[in-house]
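# Notes for the structure review
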Amino acid sequence: MSAPQDQKQGTAGLNRPRPADIRTLRFPLTRDDARRLRAGDMILADGEIVITAGLPTVQRLVACAEEARDPPIALDGGSLFHLGSYSQDTADGGLEILYMNPTTSTRFNPLMPRLIRHFGLTAVGGKGGLDAGCVEAMREVGCVYLSFLGGGAPLHSAAIKAVREVAYPDLVAHYRLVRLAVEGLGPLTVGIDAHGNSLFDALQQQAADRMPDILARLDADRAAS
Amino acid sequence: MPITYDAVKALSAQLYDWSLRRVPPDTLGGLEAALATETQDGARQVLRMMLGSARKAEAEDRFVCSDAGVPVYHVTIGTAARLDGDIKAAISDGFDALVERISPPLLKHVTNPLTNERGHKGRDMPLVTWDVAGGADWVEILCQPKALGSGRWAALETFSFPTLAQIEEYVMKVVMQAGSQHCPPVIIGVGIGGSFDVAARIASKATMRAIGTTNPEPMLASMEARLLRAVNATGFGPMGTGGDTTALAVHVDYASGHGYTPVAVCFNCWINRRTRARIHNDGSVERME
């Protein structure tokens, strides 16, 4: 990676794009596309993604990595999003996803670095971000974190074009591992880029930096009331 | 015609179903007001997506969020209500009946906390609180399904004779702990005093107050206004990716206590699920929200 690509942005540089800037990218994301994205960019996703909202599912994938077994759905160079879904059998023997929506990513923090490195993931995502250990793994590998709208089930579900594969049928619906074809999924915000910039960490730090002033203003407002 | 088992069973199931498909009008108004004042382009885009998601859910009869949560009901029984049947069983049976028939189906979110096994049923599910209203001739049922994303960030700490500054600083500490995680912009409920359980109940009920209403206690009204400014000054923004809109409202209430003063803080995500109706003694159902 070249130095400019690795350069971290300060909080002041994390301004969001105008809606006109939203590009559509093909998934699985190429490593080059992943590295071209910057924290704060917004994109739409076309192509194929792999999803699950389940901790037991992610634990099984980690076991695959540790035991050098192939997972039931190929993940190499692909994406793994923290999205829950409800699927049902269709009359023609297929599966239909009735609704899909992100779940909180941070509970997968301890497991994600292993998966990001082992499978060389180019995109992960869900809502709420991932921690510094994951950010480092993503920087090493060239992987971005995409933030989905929580409470966006009608929008996300409408982007599903086909259910390609469903694995781990013994788990409850939203814990299954599912490979989906999507079109126009998003807009998704690049919450963490492949260069170590995390909106979540930057904003947490920004809020901490502001807190003395915020508390002083509370004191002043209280005194004036 | 008194208030029957069948009426309570049907209404409690309907309230849960309705709550999943529509963002309350006051909350849509809060999001629209935020869109008018939000200064960051990306945050405005997220707010527009939220409004679009809410409108699409309503138009197409879809769930707004796949995390339908677990059913939480707050039931208030008027002392002049005439009851015919086991209305406690009716609420539980109504939930079971809804699970069987609701379309699309509910995900299995009900969790045994000891084994983490998940299903549609479980001990003490639905979660119900009971209250009494003096003289009223109705039963009121408020349904507020609670999802994991915002539910997990609630917190409570017990102080001794705290100052308002200490209380407000604690609220900000809990806001910082939640950070970007709870699907902001959120509605924040703060409960002060009473006892451990009462403070938590007050905080939870405070989230249910309509956005835009003013607290009748001037001291609390000013606290709510300055805490809302303070929370939004953090800059977490819609979905926690930056912006001026981290909370749509801060609602505070209190109960007198001993001097050990619990302060409870809880959050509702931006979709702010909430439906409420009353069944009157004549059998009529009055939808409140």
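Refer to the structure above for everything that follows.
Heads up: these notes are all about the structure in this document. Since the structure is predicted, the reported quantities are computational estimates derived from the model, not experimental observations.

### Some thoughts on the pairing of strand E12 (residues 275-280) of chain B
Residue and element names in this part refer to chain B. Of all six residues in E12, six are buried, a share of seventy percent or more. Sheet topology places strand E7 (residues 138-143) next to E12; six bridges connect them, and they run antiparallel. Bridge pairing in E12 places Cys143 opposite Thr275. Examined bridge by bridge, E12 and strand E13 (residues 285-287) share three bridges and lie antiparallel to one another.

### Notes on the sheet that holds E7 of chain B
Residues and elements named next belong to chain B. Spatial strand order, E6-E2-E7-E12-E13: five strands in an open sheet with mixed pairing. Looking at strand neighbours, the two that pair on one side only are strand E6 (127-133) and E13, the edges of this open sheet. Recorded for the sheet is a direction-independent mean angle of 20° between the axes of neighbouring strands. Packing against the sheet, helix H4 (residues 87-101) makes contact with strand E2 (72-78) and E6, and its axis sits at approximately 145° to E6.

### Some points on the layout of surface pockets
All names here are of chain B. Of the pockets and cavities examined, the second largest pocket occupies roughly 400 Å³. Forming the boundary of the second largest pocket are 22 residues, of which Ile211, Leu228, Ala247, Leu248 and Ala249 lie nearest the centre. If you list the elements that add at least two residues to the lining of the second largest pocket, you get helix H2 (25-37), helix H8 (218-232) and strand E10 (247-255). A per-class count over the lining of the second largest pocket returns ten nonpolar, nine polar and three charged.

### Some remarks on the sheet that holds strand E9 (residues 186-193) of chain B
Residues and elements named next belong to chain B. Read across the sheet, four strands follow the order E8-E11-E9-E10 without closing on themselves; strand pairing throughout is mixed. Of all the strands in the sheet, the pair left with one neighbour each is strand E8 (155-160) and E10. Shown here is a sheet whose adjacent strand axes are inclined to one another by a mean of 15°, direction ignored. Of the pairings in the sheet, the one linking E9 to E10 comprises eight bridges and is parallel in character. Bridge assignment links Val190 to a residue of E10, and that residue is Val252. In the packing of helix H6 (residues 164-178) onto the sheet, contacts are made with E8, E9 and strand E11 (260-268), and the angle to E11 comes to roughly 35°. Packed on one face of the sheet, H8 meets E9 and E10 and runs near 140° to E10.

### Looking at the packing of H6 of chain B against H8 of chain B
Residues and elements named next belong to chain B. It is at 11 Å that the axes of H6 and H8 come closest, and there the two elements cross at 40°. Handedness of the crossing formed by H6 with H8: right-handed. Within the contact between the two elements, H6 uses Leu164, Glu168, Val171, Met172 and Val175 and H8 uses Met219, Met223, Arg226, Leu227, Ala230 and Val231. For the contact of H6 with H8, a count of residues per class yields nine nonpolar, no polar and two charged.

### Side note on the interface of chain A and chain B
Across the boundary between the two partners, chain A contributes 53 residues, which contact 53 residues of chain B. Taken together, the two surfaces of chain A and chain B that pack against each other cover about 4,200 Å², and 64% of this comes from carbon and sulfur. Per-residue buried area on chain A facing chain B is highest for Tyr99, Pro154 and Arg222 of chain A; these three make up 15% of the total on that side. Counting across the chain A and chain B interface gives two salt bridges. Residue Arg229 of chain B is joined to Asp221 of chain A by a salt bridge in which the shortest nitrogen-to-oxygen separation is 2.7 Å. Looking at the side of chain A that touches chain B residue by residue, the classes come out as 27 nonpolar, 17 polar and nine charged.

### Describing the packing of aromatic side chains
All names here are of chain A. Applying the stated criterion across every chain yields a total of seven aromatic pairs over all chains. Centre to centre, the rings of Phe27 and Phe81 are 6.2 Å apart; their planes meet at 50°, and the pair counts as tilted. With Phe27 in strand E1 (residues 23-27) and Phe81 in strand E3 (residues 79-81), this residue pair connects regions lying 54 residues apart in the sequence. As far as burial versus exposure is concerned, Phe27 and Phe81 are alike and both buried. Here the aromatic rings of Phe81 and Phe148 are separated by 5.2 Å at their centres, their planes lie at 65°, and the arrangement is edge-to-face.

### Description of the pattern of salt bridges
All names here are of chain B. A full pass over the atoms with the stated rule returns 31 salt bridges over all chains. Of the charged contacts, one joins Arg226 and Glu168 as a salt bridge, the two residues approaching to 2.7 Å between their closest N and O atoms. With Arg226 in helix H8 and Glu168 in helix H6, the pair connects residues that are 58 residues apart, well separated along the chain. Assigned by exposure class, Arg226 and Glu168 land together as buried. Each member of the salt-bridge network shares a partner with another, and the members are Asp26, Glu140, Arg274, Arg276, Arg278 and Glu289.

Analysis parameters
- Residue positions are counted from 1 within each chain, in the order its sequence is given.
- Key to labels: chains lettered from A, ligands numbered from 1, both in the order written.
- Note on the predicted model: pLDDT of at least 70 is required for a residue's local features to be given, and 80 or more for side-chain atom pairs to be given and counted; whole-chain, interface and lining totals, by contrast, use all residues.
- Note that the side-chain values use all heavy atoms of the structure and ignore hydrogens as well as water.
- We call a residue buried when its accessible area falls under 20% of the maximum for its residue type, exposed when it is over 50%, and partly exposed in between, using a 1.4 Å probe and counting protein chains only.
- A run of H or I in DSSP counts as a helix once it spans at least four residues, and a run of E counts as a strand once it spans at least two, with each numbered from the N terminus.
- Pairing between strands requires that DSSP locate at least two bridges from one strand to the other.
- Working convention: axes come from line fits to C-alpha atoms, limited for helices to the stretch in contact. Angles between N-to-C directions cover 0 to 180 degrees.
- By the convention used here, residues are in contact when the closest approach between their heavy atoms is within 4.5 Å.
- Only protein atoms enter the 1 Å grid used here. Points where a 1.4 Å probe fits but cannot escape make up a cavity, open sets with protein on both sides within 12 Å along at least five of seven lines make up a pocket, and a residue lines them when an atom lies within 4 Å of a point.
- Grid points are joined across faces, edges and corners, and a volume is the space filled by probe spheres set on the points.
- Nonpolar residues are Ala, Val, Leu, Ile, Met, Phe, Trp, Tyr, Cys and Pro. Charged residues are Asp, Glu, Lys and Arg, and all others, Gly as well, are polar.
- When the near helix sits turned anticlockwise from the far one by under a right angle, the crossing is termed left-handed; a clockwise turn instead gives a right-handed crossing.
- What gets called buried area is simply the loss in accessible area from a 1.4 Å probe that two parts show on being joined, summed for both.
- Whenever a carboxyl oxygen of Asp or Glu lies within 4 Å of a side-chain nitrogen of Lys or Arg, that contact is scored as a salt bridge.
- Here a pair means two rings of Phe, Tyr or Trp (six-membered ring of Trp) with centres within 6.5 Å. Their orientation is stacked below 30 degrees between planes, edge-to-face above 60, and tilted elsewhere.

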